[in-house]
Amino acid sequence: MADGIFFWGPVTSKEWCEPNYVQSSYIAEFFNTISNIPCIILALIGLVNALRQRFEKRFSVLHISNIILAIGSMTYHATLRQMQQQGDETPMVWEMLLYIYILYSPDWHYRSTMPTFLFLYGALFAIVHSQIRFGIGFKVHYALLCLLCAPRAYKYYIHTEDSLAKRLAKLYVATLLIGAACWLCDRLFCKQIQGWYFNPQGHAVWHVLMGFNSYFANAFLMYCRAQQREWNPKIKHLFGYFPYVKIQKPKTQ
């Protein structure tokens, strides 16, 4: 933009390894913005499947949270403003709280305590995060929430016998590891990358992979929950490739 005047005003948030306002005068980081579109599409596919087969509402809410997170990420990278960055980070925490609930609630004997605590925790975090800029503290906090999910997710994996369902879990881990590598390279080697003829857009690739990562995680959890409810889940493939969960509820349900 002329004279350094940008459409969304001065940058007040963290920047990534993509030159600002190069592809569009209205989008600060073009590739980091549009790379969230696959996340929305995949979450919509999961949401339609959950609604069509009448899965529990928790899964509909989970898919919707993926959509909200992707939209938050789009607005953040499009504007590079602090408020929009918080609008990206807060849904990330809310989403992890949903995963914690879905993973642990089947074995929780006091039905109201867990959702009440998680709701209050998420609301408190949103209020505090709107006033305080965490930086590295946010990353540590988010990593701890992810680690809380890992033991129960692994328990589900080792107790799953269906090879196609296990494959969903493996795809989840693979996309997470590859995406994390792209994120780290984009962050740590930005100066070197900016000198290359072609920018591989590692952060944008991370977004795409995280869209698939969330879809695989959600599908695996839907399968595990359907097993718990004795809904006879099967992993089917749309067009012979794209996996989804198909269930057959007993007539009494």
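Residue numbering note: each chain is counted from 1, following its sequence as written. Note on the predicted model: pLDDT of at least 70 is required for a residue's local features to be given, and 80 or more for side-chain atom pairs to be given and counted; whole-chain, interface and lining totals, by contrast, use all residues. In computing side-chain values, all of the structure's heavy atoms are included and hydrogens and water are not.

Q: Help me understand the overall build of the chain in this model?
A: The number of helices and strands found in the chain is 9 helices and 2 strands. Secondary structure elements are defined from DSSP: runs of H or I of at least 4 residues count as helices, runs of E of at least 2 residues count as strands, and each element is numbered from the N terminus. For the chain, the N- to C-terminal ordering of α and β elements is α-α-α-α-α-α-α-α-α-β-β. For the chain, the spread of C-alpha atoms along the principal axes amounts to about 70 × 40 × 30 Å. Evaluated residue by residue, the chain yields a buried proportion of 46% over its 253 residues. Put simply, of all contacts in the chain between residues at least 6 apart along the chain, 67% involve residues at least 24 apart. For the chain, the computed accessible surface area is about 14400 Å², with 68% contributed by carbon and sulfur atoms. Residue exposure (1.4 Å probe, protein chains only): buried if accessible area is under 20% of the type maximum, exposed if over 50%, otherwise partly exposed. Contacts are assigned to residue pairs that have any heavy atoms within 4.5 Å of one another. With residues, only the protein chains shown are counted as cover, and all accessible areas are computed by Shrake-Rupley using a 1.4 Å probe.

Q: Mind showing me how you'd approach the state of the cysteines here?
A: Among covalent bonds in proteins, the disulfide is the one between the sulfur atoms of two cysteines. Any cysteine sulfur atom paired with another within 2.5 Å is treated as part of a disulfide. Under the defined criterion, the tally for this structure stands at 1 disulfide. Counting only cysteine sulfurs, Cys 185 is the nearest neighbor of Cys 182, a cysteine outside any disulfide, at a range of 6.8 Å. Not part of a disulfide, Cys 224 finds its nearest cysteine sulfur in Cys 149, a span of 13 Å.

Q: So what exactly am I meant to see when it comes to the packing of helix 2 (residues 37-52) against helix 9 (residues 202-228) here?
A: To characterise two packed helices, one gives the angle between the axes of the helices and the distance between these axes. Two elements in contact, helix 2 and helix 9, have axes separated by 8 Å at closest approach and are oriented at 15°. By the angle class used here, helix 2 and helix 9 are roughly parallel. Remark: the crossing between helix 2 and helix 9 carries right-handed chirality. Taking contact as the criterion, the partners of Pro 38, Cys 39, Leu 42, Ile 45, Gly 46, Asn 49 and Ala 50 in helix 2 are, on helix 9, His 207, Val 208, Gly 211, Phe 212, Tyr 215 and Met 222. For every element, the axis is a line fit to its C-alpha atoms; helices are fit only across the contacting stretch, and the angle between N-to-C directions ranges from 0 to 180 degrees. Working rule for angles: under 35 degrees goes down as roughly parallel, over 145 as roughly antiparallel, 65 to 115 as roughly perpendicular, anything else as oblique. Crossing handedness: left-handed means the near helix sits turned counterclockwise from the far one by under a right angle, and right-handed means the same turn made clockwise.

Q: When you look at the nonpolar core in this model, what are you seeing that I'm missing?
A: Across soluble globular proteins, you tend to see nonpolar side chains buried next to one another. Definition used in this section: a nonpolar core is a set of buried Ala, Val, Leu, Ile, Met, Phe, Trp, Tyr and Cys residues joined via side-chain atoms within 4.5 Å. Membership of the largest hydrophobic core comes to 41 residues, with the highest contact counts inside it found for Phe 55, Phe 59, Tyr 99, Leu 221 and Val 245. Of all the elements in the fold, those that place two or more residues in this core are helix 2, helix 3 (57-79), helix 4 (82-104), helix 5 (113-131), helix 6 (136-158), helix 7 (163-188), helix 9 and strand 2 (242-246). Leave out the neighbours within four places in its chain, and Tyr 99 touches Leu 62, Asn 66, Cys 149, Ser 214, Ala 217, Asn 218 and Leu 221. Counting 6 residues, the second largest nonpolar core, distinct from the first, contains Ala 28, Tyr 76, Leu 80 and Trp 183.

Q: Sorry if this is basic, but what is going on with the packing of aromatic side chains here?
A: In this analysis, rings of Phe, Tyr and Trp, with Trp reduced to its six-membered ring, are considered paired at centre separations within 6.5 Å, and the interplanar angle assigns stacked below 30 degrees, edge-to-face beyond 60, and tilted for intermediate values. All chains considered together, the criterion is met by 13 aromatic pairs. Aromatic side chains Phe 7 and Trp 8 sit 5.0 Å apart centroid to centroid with 85° between the ring planes, which places their arrangement in the edge-to-face category. Residue Phe 7 is classed as partly exposed on the basis of its relative accessible area of 43%. Given the relative accessible area of 38%, Trp 8 is considered partly exposed. Connected via pairs of aromatic rings, a cluster forms that spans Phe 125, Phe 134, Phe 138 and Tyr 142.

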